[in-house]
Amino acid sequence: MYPATQTTIVLDYYAKVPALSASNPTNWLLSKAPNAYLYGSLLESASMSGPDGRIQIWGTQFDRAMAGLRNQDRGARYARGNARIMGPTP
């Protein structure tokens, strides 16, 4: 069996976002970024409601909400990184 010695293994994984339902009215994504749900659903509903001048506004707001989530994710992943100075230092 592997590993042959006593060792600690670190596993990173991506969990699926839990679906919303009557019995599960919230999840971590809705709590953290309600605007992503709001503007995403408005953007999707636009295809069913016909031409609407607000679709560009909803698209922009959705993009901002998603960019905010990506920035938070990057900050959580890489904020603890150390900077190294290359070359000779005084």
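Please read all numbers here as calculations on a predicted model, not as lab measurements.

A. Seen up close, the layout of surface pockets. Approximately 570 Å³ is the volume found for the largest pocket. Broken down by secondary-structure element, the contributors of at least two residues to the lining of the largest pocket are helix H1 (28-32), helix H2 (34-49) and helix H3 (55-78). When residues in the lining of the largest pocket are grouped by element, the largest group, seven residues, is from H3. Class assignment of the residues belonging to the lining of the largest pocket gives a composition of twelve nonpolar, one polar and four charged.

B. Geometry of the nonpolar core. Residues Leu29, Ala33, Ala36, Ala65 and Leu69 constitute the largest nonpolar core, which totals five residues. Ignoring anything within four residues of it in the chain, the contact list for Ala65 reads Asn35 and Ala36.

Quick notes on the rules
Residues numbered from 1 in each chain as written. Predicted model: local features only at pLDDT ≥ 70, side-chain atom pairs only at ≥ 80, totals over all residues. Heavy atoms only, no water. 1 Å grid on protein atoms, 1.4 Å probe; cavity = no way out; pocket = protein on both sides within 12 Å on 5 of 7 lines; lining within 4 Å. Points joined across faces, edges and corners; volume = space filled by probe spheres on them. Helix = DSSP H or I, 4+ residues; strand = E, 2+ residues; numbered from the N terminus. Nonpolar A, V, L, I, M, F, W, Y, C, P; charged D, E, K, R; others polar. Core = buried A, V, L, I, M, F, W, Y, C linked by side-chain atoms within 4.5 Å. Buried < 20%, exposed > 50% of the residue type's maximum accessible area, 1.4 Å probe, protein only. Contact = heavy atoms within 4.5 Å.

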